[in-house]
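Secondary and tertiary structure notes
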Amino acid sequence: MAEWHALEAALQARVTGERLAHTYRVLETARRLGRIHGADDGQVAVAALMHDYAKPLPPAALLAEAVRLGLTPDPVERAQPHLLHGPVAAALLAEEGLVTDREVLQAIASHTTGRAGMSLLEKVIYLADYVEPGRRFAGVEEIRAEAERDLDRALLGALNNSLVYLVRQGWLIHPASVEARNWLLQELQR
Ligand SMILES: [Fe+2]
Ligand SMILES: [Fe+2]
């Protein structure tokens, strides 16, 4: 894994302005949530710092990069390539040798859609991205507070909110988000 300053330099060559400010808010939020819930701080920090590495790429470039990097975009990702910014970031960071930790790469890859079987690290990154202090949508306060108490309940709330939002907007829903929500609901009922 590259040194912290090298990661920051690579990030700042791609991500600027409000997106960079968002990244540092996610970093701070993720480290706090990670501390509370017992995640590895080194993994949390790198995953949070690099999670939106590919976000500035426009849709056509994201799709092209995904194909070049050997990912196989599904029909929903082809229709809405912004969904690929996590997987493309992870593949780019691996290709560039900046991040080698598979768990960190997985957390970066899944941060937009979630997935069934998310690890503690993945939950922390997904939620930190969702509740960082710059987020101001309806219902965020409750999930922000819940994230400090019960990571799984907060994650279920975030997934449910996202799915409702996508339905209301009339947008496509990625199957991984539905799978994540179904998995978590069953985990919580156990
Ligand atoms: Fe993102
Ligand atoms: Fe983000």
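None of the values given here were measured: they were computed from a predicted structure.

1. Quick word on the side chain of Thr-29
Tracing the backbone through its elements, the reader meets Thr-29 in helix 2 (residues 17–37). When its relative accessible area of 3% is taken as the criterion, Thr-29 is described as buried. Aside from chain neighbours lying at most four places away, what touches Thr-29 is Ala-128, Val-131, Glu-132 and Pro-133.

2. A closer look at the nonpolar core
With 57 residues, the main nonpolar core has Met-50, Tyr-53 and Leu-127 as its most contacted residues. A total of eight residues in this core trace back to one element, the largest contributor, which is helix 8 (residues 120–131).

3. Regarding the coordination of the iron ion (ligand 2)
Protein coordination at the iron ion (ligand 2) comes from His-22 (NE2), His-51 (NE2), Asp-52 (OD) and Asp-129 (OD), with a distance range of 2.2 to 2.3 Å. Every donor residue of the iron ion (ligand 2) comes from the same chain, spaced as H-x28-H-D-x76-D. Between the iron ion (ligand 2) and the iron ion (ligand 1) the interatomic distance comes to 3.4 Å, and Asp-52 is a ligand of both metals. Taken together, the residues span a long stretch of sequence, with His-22 in helix 2 and Asp-52 in the loop between helix 3 (41–50) and helix 4 (59–68) at a distance of 30 residues.

4. A short note on helix 8
Here helix 8 contains 12 residues, and its C-alpha end-to-end distance of 16 Å stays within 8% of the 16 Å for a straight helix at 1.5 Å per residue. A large share of helix 8 lies buried, amounting to 11 of its 12 residues. As for helix 8, its buried residues are in contact with helix 2, helix 3, helix 7 (102–109), helix 9 (140–149), helix 10 (151–169) and helix 11 (175–189).

5. Observations regarding the packing of aromatic side chains
This model, assessed by the stated rule, comprises three aromatic pairs. Between the aromatic rings of Tyr-126 and Tyr-130, the centroid separation amounts to 6.4 Å while the plane-to-plane angle is 10°, which identifies the pairing as stacked. Here Tyr-130 and Tyr-126 lie together in helix 8, a separation of four residues that amounts to about one turn. A residue is classified by how much of its surface remains accessible, and Tyr-126, at 6% relative accessible area, is buried. Residue Tyr-130 is classed as buried on the basis of its relative accessible area, which comes to 12%. Plain terms: the ring middles of Tyr-165 and Trp-171 are 5.8 Å apart, the flat faces sit at 85° to each other, and that makes the pair edge-to-face. Looking at Tyr-165, the relative accessible area reads 44%, which means it is partly exposed. Of the aromatic side chains, those joined through ring pairs into one cluster are Tyr-126, Tyr-130 and Phe-137. The side chain of Arg-14 reaches across the aromatic face of Tyr-53, ending 4.6 Å from its centre.

6. Focus: the environment of Gly-86
Relative to the assigned elements, Gly-86 resides in helix 6 (residues 85–95). C-alpha separation for the pair Gly-86 and Gly-139, spaced 53 residues apart in sequence, amounts to 24 Å. Leave out the neighbours within four places in its chain, and Gly-86 touches Ile-108, Ala-109, His-111 and Thr-112.

Calculation criteria
Residues numbered from 1 in each chain as written. Chains lettered and ligands numbered in written order. Predicted model: local features only at pLDDT ≥ 70, side-chain atom pairs only at ≥ 80, totals over all residues. Heavy atoms only, no water. Helix = DSSP H or I, 4+ residues; strand = E, 2+ residues; numbered from the N terminus. Buried < 20%, exposed > 50% of the residue type's maximum accessible area, 1.4 Å probe, protein only. Contact = heavy atoms within 4.5 Å. Core = buried A, V, L, I, M, F, W, Y, C linked by side-chain atoms within 4.5 Å. Donors = N, O, S within 2.8 Å, 3.2 Å for Na, K, Ca; no water. Expected span 1.5 Å × (residues − 1). Phe/Tyr/Trp six-rings, centres within 6.5 Å; stacked < 30°, edge-to-face > 60°. Lys NZ or Arg CZ within 6 Å of the ring centre and 35° of its normal.

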